[in-house]
Amino acid sequence: EIASNQRLIESYRNDTTQKQAEISALASQPTSFNATRCSSCSQALDLPTVHFMCKHSFHHRCLNVSPGEEQDVECPLCSQQNHTVRAIRRAQEESATRNDLFADALARSGERFGTVSEWFGRGVMDVKTQQ
């Protein structure tokens, strides 16, 4: 089980390193969009076209965006996954401020080290939050 967990940790570290490199590249290098088909209707792209950083491209008409809402639009194919990630992060941030929940879990725990490890593993505790 330890070996399996270590492989999983290494996988997460590699994924994190890869994502950090992608973010750095997006922030510092120009991005080329080569899509020729709309990700929604699969027809050939024509103007006006909307390109997202996730590399999905759409006809403006396929996004059903009202004038003035262009700034808040996110990729319809990635929005559910993005929403899930934001919800998880929000829950972690809220739990990090609830020291009473951690203290209660620790008080009820038969194995305190396991409880602390669990809270770290869930991403709720961070060394910076506890200082």
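These numbers come from a predicted model, not from an experiment.

Topic: unusual backbone geometry
- With an omega of -5 degrees, the peptide bond running from Leu47 to Pro48 counts as cis.
- Relative to the helices and strands, Pro48 resides in the loop between helix H1 (2-28) and strand E1 (49-51).
- Phi is positive for Lys55, which is not a glycine, with a value near 80 degrees.
- The topology assignment puts Lys55 in the loop between E1 and strand E2 (57-59).

Observations regarding the layout of surface pockets
- Considering only enclosed or pocket space, the largest pocket measures out at about 610 Å³ in volume.
- For the largest pocket, the lining is made up of 18 residues, of which Lys19, Glu22, Leu26, Met53 and Cys54 are closest to its centre.
- Among the secondary structure elements, those contributing two or more residues to the lining of the largest pocket are H1 and helix H3 (79-96).
- In terms of residue class, the lining of the largest pocket is made up of ten nonpolar, four polar and four charged.

Some words on the packing of aromatic side chains
- Scanning the entire structure with this criterion turns up one aromatic pair.
- Taken together, a centroid distance of 5.8 Å and an interplanar angle of 80 degrees make the contact between Phe52 and Phe58 edge-to-face.
- Overall, Phe52 belongs to the buried group, its relative accessible area being 10%.
- The ring of Phe33 has Lys55 lying over it, and the distance from NZ or CZ to the ring centre is 5.3 Å.

Points about helix H4 (residues 99-108)
- Among the residues of H4, Phe102, Ala105 and Leu106 are the ones counted as buried. Down the axis, H4 shows its buried residues gathered within 100 degrees of arc, on one side only. Set apart from the buried face of H4 by more than 90 degrees, the exposed residues are Ala107 and Arg108.
- Looking at the buried residues of H4, the elements they touch are helix H5 (112-121).

A short note on the confidence of the model for the protein
- Per-residue pLDDT for the protein averages 85, and the proportion of residues at 70 or more is 93%.
- Long-range and interchain partners of residues 127-131, a stretch whose pLDDT sits below 50, account for four contacts in this model, where long-range means more than four residues apart.

Regarding the nonpolar core
- Ranked by size, the top nonpolar core spans seven residues in total: Cys38, Phe52, Phe58, Leu63, Val65, Cys75 and Cys78.
- Beyond its immediate sequence surroundings of up to four residues, Cys38 is in contact with Gln43, Leu45, Ser57, Phe58, His59 and Cys62.

Description of the state of the cysteines
- Going through the model one piece at a time under the given rule, you end up with zero disulfides.
- In this structure Cys54 is a free cysteine whose sulfur lies 3.6 Å from that of Cys75, the closest cysteine sulfur available.
- Of the residues examined, Cys54 reaches a relative accessible area of 32% and is grouped as partly exposed.
- With no disulfide of its own, Cys78 lies closest to Cys54 among cysteine sulfurs, the gap being 3.7 Å.

What counts and how
- Residues numbered from 1 in each chain as written.
- Predicted model: local features only at pLDDT ≥ 70, side-chain atom pairs only at ≥ 80, totals over all residues.
- Heavy atoms only, no water.
- Helix = DSSP H or I, 4+ residues; strand = E, 2+ residues; numbered from the N terminus.
- 1 Å grid on protein atoms, 1.4 Å probe; cavity = no way out; pocket = protein on both sides within 12 Å on 5 of 7 lines; lining within 4 Å.
- Points joined across faces, edges and corners; volume = space filled by probe spheres on them.
- Nonpolar A, V, L, I, M, F, W, Y, C, P; charged D, E, K, R; others polar.
- Phe/Tyr/Trp six-rings, centres within 6.5 Å; stacked < 30°, edge-to-face > 60°.
- Buried < 20%, exposed > 50% of the residue type's maximum accessible area, 1.4 Å probe, protein only.
- Lys NZ or Arg CZ within 6 Å of the ring centre and 35° of its normal.
- Arc of directions from axis to C-beta.
- Contact = heavy atoms within 4.5 Å.
- pLDDT = per-residue confidence, 0-100.
- Core = buried A, V, L, I, M, F, W, Y, C linked by side-chain atoms within 4.5 Å.
- Disulfide = S-S within 2.5 Å.

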